[in-house]
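Analysis of the macromolecular model
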Amino acid sequence: MPETRLHTCMLCEATCGITVQVEGGRVIGVRGDRDDPFSRGHVCPKAAAIPDVMADPDRIREPMRRVGDRWEPVSWDDALAEAAERITAIQEQHGRNAVGLYAGNPTVHGYGAMLGIPFLSRALGGRSRFSATSVDQLPQMLAALEMFGHQSLFPVPDVDRTDLFLVLGANPLASNGSLMTAPGIADRLAALRKRGGRLIVVDPRRTETAAIADRHVAIRPGGDAALLLGMLNVIFAEGLERPGRLAGFTDGIERLGAIAARYSPERVAARAGVAPDAIRALAREFAGAPSAVCYGRVGISTQEFGAIASWLVVALNVVTGNLDRPGGAMFTTPAADVVAQTARRGSLGSFGRFRSRVRGLPEFGGELPVATLAEEIETPGEGQIRGLVTFAGNPVLSTPNGGRLDRALAGLEFQLAIDLYRNETTRHANLILPPTFGLERDHYDLIFYTVSVRNVARYARSAVAPPPGVRDDWDILLDLALALQARRVDERPPGPGMTLSEVRALGPQRMLDGILRAGPHGLSLEKLESSPHGIDLGALEPRLPGRLFTPERRIRLVPPALEADLVRLDAALEATPATAGSAKAVEGAMLLVGRRHLRSNNSWMHNSARLVKGPPACTLLLHPEDAAARGITDGAEALVRSRVGSIRVPVSVTDEIGRGVVCLPHGWGHGRDGVSLRVAAAHAGVSFNDLADEQRVDPSCGNADFNGVPVTVDAVVTGGAPDPRS
Ligand SMILES: Nc1nc2c(c(=O)[nH]1)N[C@H]1C(S)=C(S)[C@@H](COP(=O)(O)OP(=O)(O)OC[C@H]3O[C@@H](n4cnc5c(=O)[nH]c(N)nc54)[C@H](O)[C@@H]3O)O[C@H]1N2
Ligand SMILES: Nc1nc2c(c(=O)[nH]1)N[C@H]1C(S)=C(S)[C@@H](COP(=O)(O)OP(=O)(O)OC[C@H]3O[C@@H](n4cnc5c(=O)[nH]c(N)nc54)[C@H](O)[C@@H]3O)O[C@H]1N2
Ligand code: SF4
Ligand SMILES: [Mo]
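Per chain, residues are indexed from 1 in the order of the written sequence. A letter from A marks each chain and a number from 1 marks each ligand, given out in the order of writing. With the structure being a predicted model, the display of local features is reserved for residues of pLDDT at least 70 and the display and counting of side-chain atom pairs for 80 or more, all residues being used for whole-chain, interface and lining totals. Note that water and hydrogens are dropped before the side-chain values are worked out from all heavy atoms of the structure.

With that settled, the discussion passes to the overall build of the protein. Here a helix means four or more residues in a row that DSSP labels H or I, a strand means two or more in a row labelled E, and each is numbered from the N terminus. Looking only at helices and strands, the protein features 26 helices and 32 strands. Referenced to the eigenvectors of the C-alpha coordinate spread, the extents of the protein come out at roughly 70 × 70 × 60 Å. Taken over 726 residues, the protein has a buried fraction of 61%. Across the protein, contacts joining residues at least 24 apart in sequence account for 75% of those joining residues at least 6 apart. Values of accessible area rely on a 1.4 Å probe in the Shrake-Rupley scheme; residue burial ignores everything except the protein chains shown. Accessible surface computed for the protein: about 25,900 Å², of which carbon and sulfur atoms make up 51%. Categorising residues by exposure relies on relative accessible area from a 1.4 Å probe, with only protein chains included: less than 20% of the type maximum marks a residue as buried, more than 50% marks it as exposed, and the intermediate range marks it as partly exposed. Any two residues whose heavy atoms approach within 4.5 Å are treated as being in contact.

Shown next, in the form of structure tokens:
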């Protein structure tokens, strides 16, 4: 008889409660937990693939060492010792910056990894730290830091109560929400419309979410900053600004009004790709709604004007009185309040404390933009990166110009990967250390409950034992840190507080318990375990001004760093011909944007047969007129070229994408040598990031610019001359 265990899905930000059927120590099924007060039984097709990853024959189950292009097992002791020796040897000769660290997305999906990574980071030392932040939400963190004083204080759309949900550059029906933990988002959006609320989606593509919306605004890629300024212009010009109680603790409202006065709908329309009348209507509708919330995600964040757009999304909510009120953008009161906890330690965040060696890109949160990693490896000189640790990341497929990074990694003196798979990135490693995964470990969403649409908490014990040869991420991170520390001859004696060995012995569970006990709900692991389906701690409540971390405890509506960046936008507005109805007229090229699929998760779940079956997902969306102009038919291959690379990809001809824009998912391209992903290799696809240009970043903060990459698209001429770059 199978037993049922409770757990939480750790794949995306929705934190769905799951029930797990276990028989003979193996997981035989995963379903939604109907008794979870937050997710109420919702799961998506990916949940069933958790056991696929756990039982994947390609999964690495013991530490592996590469000898040439052969891999051999190695004991944990030998692997850790060798890693520490190689890393310290490089650092002793070339300095701490010579060994880099890249932490990928799953870091934030495991509390042990999240709590452990700072210890490895500190043990490595130096400034060569990178993470997926700079290909994702960095501009939104920058806006939080500059406006609220803490880089992790995100306003969350109160989707369950709002009257108007204005979505820019997010497709929650595919992504299940981001910086908005809202399991079962389709039901929540249906409920919104049922109670008379409106959903408006601003996106270059008529996405799954746009298709169920009241209105779809087909914006030009990278046009959001222009659109938002145009809306603010109308709001101030027509006296529609109503900050209400926010005015009592907000600085810069007048200044924002003066700025907005420069951006009439007529001036911004071409760049936004939205007609002046439509901008006016949108502004009036938003300002006039009983409650409204503007929410922007990956599409506004990873683009040319990501920082300005991220700032203006918050500003629009403030100016219309929709920040910190029900139905607007609100702040959580999380049971494990890592925001308050880091603030107590004085780490509110940082920006621009130092710059990258080669391109001079600014530091953010102690990290450098990953778009500069390849050149930091390739460029000789002091501080050149010669060794790299990757943790839960696949930057070859997930960072811009992955092709260049791929080649750069091949030239490293030493690479260590902590990962489940030998993939496009970890194939270059000298050592791979394999972690436990999924239901083999306990789970608490340290990060995502800080951005959830209700205050909730759920803790799950591990449901099955891990394979004997793997270790928890926490253990790997701390053991590596200890091994590094042991080799440092120059190490200063441990100061007050706990030693690394004491931290290692304490373990992540007791750390989590401490954070919960210190938190605003006085919870503990014991209390959470007595409510195994999770606890609903209520709807979000107004938190301001108490939750602000600026020294003056006021909102900075016009952060100087972001205001200064407007000159760049001004130049772009001048450069945009007023007649440009399509993006094409502007760049002389097509503009490439990304997309996500419900059955795919960044780069690393394509080895699950159940997720990749069916028609190929990695296709280029092309408008029928653009297709006809190039003689490309549905299903045929196109040659897509950018400054940095070229790919051949099957085309889906569809009017869901605007003219002049093409759309491709990221995370594909598994056809490389030395990758040990048999199912994924049979559904290889091509990598978006072989086209994305590492030199195209939002220069204000260095975040990658994936949305609006100029490309040319041509029919593949069979029998013609081979493309020189492919
Ligand atoms: N199934 C699935 N779920 C996931 C993931 C996954 O890979 N698969 N990844 C997870 C991760 S790491 C994240 S960060 C979240 C992301 O969650 P979302 O932000 O919801 O992700 P996307 O689906 O990429 O949505 C981005 C949208 O921006 C649009 N866009 C592109 N350029 C522009 C532009 O210039 N302006 C505007 N307004 N829109 C633009 C794109 O067309 C796209 O629809 O999803 C998470 N959830
Ligand atoms: N063109 C384009 N590029 C993008 C995006 C886009 O929209 N367009 N989105 C960006 C975004 S939002 C993100 S977050 C990044 C993601 O970028 P990355 O984090 O670099 O890439 P992932 O594909 O998430 O790779 C995760 C890796 O972690 C491993 N892994 C999974 N679970 C665990 C675990 O529990 N422990 C350990 N140690 N390893 C684990 C997997 O095997 C895989 O190798 O991609 C970015 N890249
Ligand atoms: S929506 Fe996200 S958390 Fe929920 S089952 Fe799917 S992948 Fe897991
Ligand atoms: Mo992400």
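Next comes the rest of the description.
Attention now goes to the site of ligand 3. Any residue with a non-hydrogen atom lying within 4 Å of a molecule or strand is treated as near it. Around ligand 3, the neighbouring residues are Cys-9, Leu-11, Cys-12, Ala-14, Thr-15, Cys-16, His-42, Val-43, Cys-44, Lys-46, Ala-47 and Asn-176. Its residues assigned to classes, the shell around ligand 3 shows 8 nonpolar, 3 polar and 1 charged. Throughout this entry, Asp, Glu, Lys and Arg are counted as charged residues, while Ala, Val, Leu, Ile, Met, Phe, Trp, Tyr, Cys and Pro are counted as nonpolar. The remaining residues, Gly among them, count as polar.

Around ligand 1, the structure places 31 residues, and the nearest of them are Ser-175, Asp-203, Gly-222, Asp-224 and Ser-600. Contacts to ligand 1 include Arg-596, whose side-chain N or O atom sits 2.8 Å from an oxygen atom. Distance and chemistry together define a polar contact, namely a pair of N or O atoms within 3.5 Å, with one atom able to donate a hydrogen and the other to accept it when in protein, and with adjacent residues in sequence counting only for side-chain atoms on both sides. One of the backbone nitrogen or oxygen atoms of Leu-598 is found 3.4 Å away from a nitrogen atom of ligand 1. Protein burial of ligand 1: of its 920 Å² of free accessible surface, 97% is covered by the chains. Elements with a minimum of two residues in the shell around ligand 1: α5 (172-175), α12 (298-301) and β25 (590-595). The class makeup of the residues in the shell around ligand 1 is 10 nonpolar, 15 polar and 6 charged.

Take the state of the cysteines next. Cysteine sulfur atoms are paired as a disulfide whenever they fall within 2.5 Å. Overall, the coordinates contain 0 disulfides when judged by the stated rule. Cysteine Cys-294 is unpaired, with the sulfur of Cys-701 as its nearest cysteine sulfur at 18 Å. By relative accessible area, which is 4% here, Cys-294 ends up buried. Here Cys-618 is not cross-linked by a disulfide; its sulfur's nearest cysteine counterpart is in Cys-663, at 10 Å.

Glancing now at the packing of aromatic side chains. Each Phe, Tyr or Trp ring (for Trp, its six-membered ring) is paired with any other whose centre lies within 6.5 Å, and the angle between the two planes then decides the class: stacked below 30 degrees, edge-to-face above 60, tilted in between. Scanning the model with the defined rule gives 7 aromatic pairs in all. A centroid spacing of 5.3 Å and a plane angle of 70° characterise the contact between Tyr-444 and Tyr-449, whose relative ring orientation is edge-to-face. Residue class for Tyr-449 comes out buried when judged on its relative accessible area of 3%. The ring of Phe-354 carries the charged tip of Arg-127 above its face, separated from the ring centre by 4.3 Å. Think of it as a cone above the ring: NZ of Lys or CZ of Arg counts as a charge over the ring if it is within 6 Å of the ring centre and within 35 degrees of the ring normal.

One requirement defines pairing of two strands: DSSP has to find at least two bridges between them. Judged by pairing direction, the barrel is mixed, and its 6 strands sit side by side in the order β25-β29-β26-β28-β27-β32 before closing back on the first. The sheet shows a mean angle of 45° between the axes of neighbouring strands, taken without regard to direction. Sheet analysis places strand β26 (residues 620-622) next to strand β28 (residues 646-653), joined by 3 bridges and oriented parallel. The residue bridging Leu-621 from the neighbouring strand is Ser-652, located in β28. Every angle, taken between N-to-C directions, lies between 0 and 180 degrees, and every axis is a line fitted to C-alpha atoms, over only the stretch in contact when it is a helix.

Working note: α-helix, 3.6 residues per turn, so residues spaced by three or four point in the same direction. Counting buried residues along helix α10 (residues 265-272), 6 of its 8 residues qualify, which places the element largely inside the surrounding structure. Residues Pro-265, Val-268, Ala-269, Ala-270, Arg-271 and Ala-272 constitute the buried set of α10. Downstream of α10 by one or two residues, Gly-273 has phi in the positive range, about 70°.

Segmentation into domains, and thus their bounds, comes from an automatic or database assignment. According to the domain assignment, the protein consists of domain 1 (3-54), domain 2 (64-128 + 339-345 + 373-538), domain 3 (158-324 + 552-564) and domain 4 (584-715). Summarising the inter-unit geometry, the C-alpha centres of domain 1 and domain 4 are found 31 Å apart. At the interface, 8 residues of domain 1 touch 9 residues of domain 4. Here the quantity called buried area is the total loss of accessible area, with a 1.4 Å probe, experienced by two parts when brought into contact, counted for both. Both faces considered, domain 1 and domain 4 share a buried interface measuring about 800 Å² in area, 68% of it formed by carbon and sulfur atoms.

The strand order across the open sheet built from 4 strands is β11-β10-β9-β13, with neighbouring strands paired in parallel fashion. For this open sheet the edge positions go to β11 (215-217) and β13 (293-296), each flanked by a neighbour on one side alone. Mean inter-strand twist for the sheet, computed between neighbouring axes without regard to direction, equals 20°. The sheet contact formed by strand β9 (residues 164-168) and strand β10 (residues 198-202) spans 5 bridges and is parallel. When the sheet's bridge partners are listed, Phe-165 is paired in β10 with Leu-199. Strand contacts of helix α6 (residues 185-194): β9 and β10, with the helix running at about 125° to β10, the strand carrying the most contacts.

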